[in-house]
Amino acid sequence: MLDSVSNEINNYKRFEECIVKIFEEAEYDTVSNVVLEQHKGDIDIVAKKNEKRYCVEVKYAQITEKAIHQVCTKAEENDMYPILVTAQIIDKKRRDYYQDRYSDLVLIDISNLLYAVRENPKLRNELISTLAYSVEDIQPLEGSIEINSLQHDNYTESLIKEMDLCKAGRPMARKYEELCQKLLQNVFFDDLALWKEQQNANGELHRFDLLCRIKDGNQKTFWTILERYFNSKYIVFEFKNYNDAVTQKEIYTTEKYLYSKALRSVGIMIAANGYEENARWAAKGCLRENGKLILLLETKDLIEMNRLKEEQEEPSDYLQNKLDELLLELEK
């Protein structure tokens, strides 16, 4: 229960940080978490543009009339215009109702946010990755926020170039982790949520690099198999920027992080210089003997999935092929 609450707080925090970036890209000046005088609470974001000041309240869950009343009251008392941003959909009936009752209120829901970031891949990926659900069926709709200074550079190619310049070895280990996460997020932003980094384990002697959760409602074959047949809602990612090939020791360390009862029985490892044959045998043994799945990928696999995404193909199918190969070779 505590982990669930912590994850929800983490998602909300990342969502709010993303909203700040969206407003800034839309050429607003912003200040976050502004404390009001006389113990009258605080404002999530104060935004200013064209000499107008806006009281922006951010809601991760479904909005309520109480929340709308509060933001309108804060805005009126501080000579601002009220804006309420939500990570959920506001249907037309409710939107019309709120606009009739609160004429100055600006409502921005997830469909409006998706429209605003439609040509900014980096910000779009970041936004969608904060959500606990898939946005595949949500139609982006023009709203009250528009990003004018769009990024026209190819975000995927820039990440790949950075990865090409990242040398193997301990000095670049942290950079490698960061690039792996960005490249993963670039292809699986609509499949995975949470994106929680560097969690200590085993009395802080070890840690895994990244933990993600499969989004609710995901129907893609690979993720469905992980949920249904491997009893895994959470995926552990490990990034190995070693000068040499990964050994079986690292495989067994990763296995310790996997617990079926915690819905965490799948790990995906990405290595800069491949794997020793004993490491591959160890991964097969973990699956055969304990039912724990550890997929062994290399940097080139991560880059290939990003190129597939650019070509409008499905990156999770690439992982499905890797899983098929592993299962077919399991008894060899």
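Draft legend 1. Structural view of the overall build of the chain. Along the chain, the regular secondary structure elements total 12 helices and 10 strands. For 332 residues, the compact-globule estimate of 2.2 N^0.38 gives 20 Å, and the chain sits close to it at 22 Å. The principal-axis extent of the C-alpha atoms belonging to the chain is close to 70 × 40 × 35 Å. Taken over 332 residues, the chain has a buried fraction of 52%. The long-range fraction of contacts in the chain, counting pairs at least 24 apart against all pairs at least 6 apart in sequence, stands at 66%. Charge separation in the chain, taken as the distance between the mean sites of 46 positive and 60 negative side-chain charges, equals 3 Å.

Draft legend 2. The packing of helix α6 (residues 155-165) against helix α11 (residues 299-310), seen in detail. Packing of α6 against α11 leaves a shortest axis separation of 10 Å and a crossing angle of 165°. The angle between the axes of α6 and α11 places the two elements in the roughly antiparallel class. Where α6 crosses over α11, the two elements pack in a sense that is left-handed. Between α6, through Thr-156, Glu-157, Ile-160, Met-163 and Asp-164, and α11, the contact on the second element is made entirely by Thr-299, Ile-303, Asn-306, Arg-307 and Glu-310. Looking at side-chain class alone, the contact of α6 with α11 contains three nonpolar, three polar and four charged residues.

Draft legend 3. Expanded view of a negative patch on the surface. A cluster of acidic residues, Glu-304, Glu-310, Glu-311, Glu-313 and Asp-317, forms a negative patch at the surface. Among the secondary structure elements, Glu-304 is positioned in helix α11.

Draft legend 4. Layout of the pairing of strand β8 (residues 234-240). With respect to burial, β8 is a largely interior element, seven of its seven residues being buried. Here β8 shows a buried face lined by Tyr-234, Val-236, Glu-238 and Lys-240 and a second buried face lined by Ile-235, Phe-237 and Phe-239. The pairing of β8 with strand β9 (residues 266-271) spans six bridges and is parallel. The residue bridging Phe-237 from the neighbouring strand is Ile-268, located in β9.

Draft legend 5. Local environment of the packing of aromatic side chains. With the rule as written, the count across this model stands at seven aromatic pairs. Between Phe-188 and Trp-223, the ring centres sit 5.3 Å apart and the planes meet at 85°, which makes this aromatic pair edge-to-face. With Phe-188 in helix α7 (residues 173-188) and Trp-223 in helix α8 (residues 221-229), this residue pair connects regions lying 35 residues apart in the sequence. Overall, the relative accessible area of 1% leaves Phe-188 in the buried class. When the ring of Phe-222 is compared with that of Trp-223, the centres are 4.9 Å apart and the planes differ by 75°; the resulting orientation is edge-to-face. Taken as a pair, Phe-222 and Trp-223 share a single burial class, namely buried. Grouped by ring-pair contacts, the aromatic residues Phe-23, Tyr-28, Tyr-54 and Tyr-81 constitute a single cluster. Lying over the aromatic face of Trp-281, Lys-284 brings its terminal NZ or CZ to 4.9 Å of the ring centre.

Draft legend 6. Main features of the side chain of Ser-232. Mapped onto the secondary structure, Ser-232 falls in the loop between α8 and β8. With a relative accessible area of 2%, Ser-232 lands in the buried category. Looking at Ser-232, its side chain comes within polar contact range of the main-chain oxygen of Tyr-234, at 2.7 Å. When sequence neighbours within four positions are dropped, the list of residues in contact with Ser-232 reads Ile-214, Leu-226, Glu-227, Leu-263, Arg-264, Ser-265 and Val-266.

Draft legend 7. Layout of the sheet that holds strand β4 (residues 81-86). The mixed open sheet is built from five strands, whose spatial order is β1-β2-β3-β4-β5. This sheet does not close on itself; its edge strands, each paired only once, are β1 (29-35) and β5 (106-108). Sheet twist, expressed as the average angle between the axes of neighbouring strands with direction ignored, equals 25°. Bridge count for β1 against strand β2 (residues 42-49) is six bridges, and the pairing is antiparallel.

Draft legend 8. Looking closely at the side chain of Arg-95. Tracing the sequence through the fold places Arg-95 in helix α3 (residues 92-101). Among the polar contacts listed, one links the side chain of Arg-95 to the side chain of Asp-109, at a separation of 3.2 Å.

Draft legend 9. Representation of the nonpolar core. Among the nonpolar cores identified, the biggest contains 41 residues, and Leu-184, Trp-223, Leu-226, Phe-237 and Leu-293 are the most heavily contacted of them. The greatest single-element share of this core, amounting to seven residues, is contributed by α7. Within the second largest apolar cluster, 34 residues are counted, among which are Cys-18, Ile-108, Ala-116 and Phe-189.

Criteria and thresholds
Residues numbered from 1 in each chain as written. Predicted model: local features only at pLDDT ≥ 70, side-chain atom pairs only at ≥ 80, totals over all residues. Heavy atoms only, no water. Helix = DSSP H or I, 4+ residues; strand = E, 2+ residues; numbered from the N terminus. Rg over C-alpha atoms; globule rule 2.2 N^0.38 Å. Buried < 20%, exposed > 50% of the residue type's maximum accessible area, 1.4 Å probe, protein only. Contact = heavy atoms within 4.5 Å. Lys, Arg positive; Asp, Glu negative; His and termini not counted. Charge placed at Lys NZ, Arg CZ, Asp CG, Glu CD. Axes fitted to C-alpha atoms, helices over the stretch in contact; angles between N-to-C directions. Parallel < 35°, antiparallel > 145°, perpendicular 65-115°, else oblique. Left-handed = near helix turned anticlockwise from the far one by under 90°. Nonpolar A, V, L, I, M, F, W, Y, C, P; charged D, E, K, R; others polar. Patch = residues over 30% accessible without salt bridge, like charges linked within 9 Å, V, L, I, M, F, W, Y side chains within 5 Å. Areas by Shrake-Rupley, 256 points an atom, 1.4 Å probe, with all protein chains shown as cover. Salt bridge = Lys/Arg side-chain N within 4 Å of Asp/Glu carboxyl O. Pairing = 2+ DSSP bridges. Phe/Tyr/Trp six-rings, centres within 6.5 Å; stacked < 30°, edge-to-face > 60°. Lys NZ or Arg CZ within 6 Å of the ring centre and 35° of its normal. Polar contact = N/O pair within 3.5 Å; in protein donor to acceptor, adjacent residues only side chain to side chain. Core = buried A, V, L, I, M, F, W, Y, C linked by side-chain atoms within 4.5 Å.

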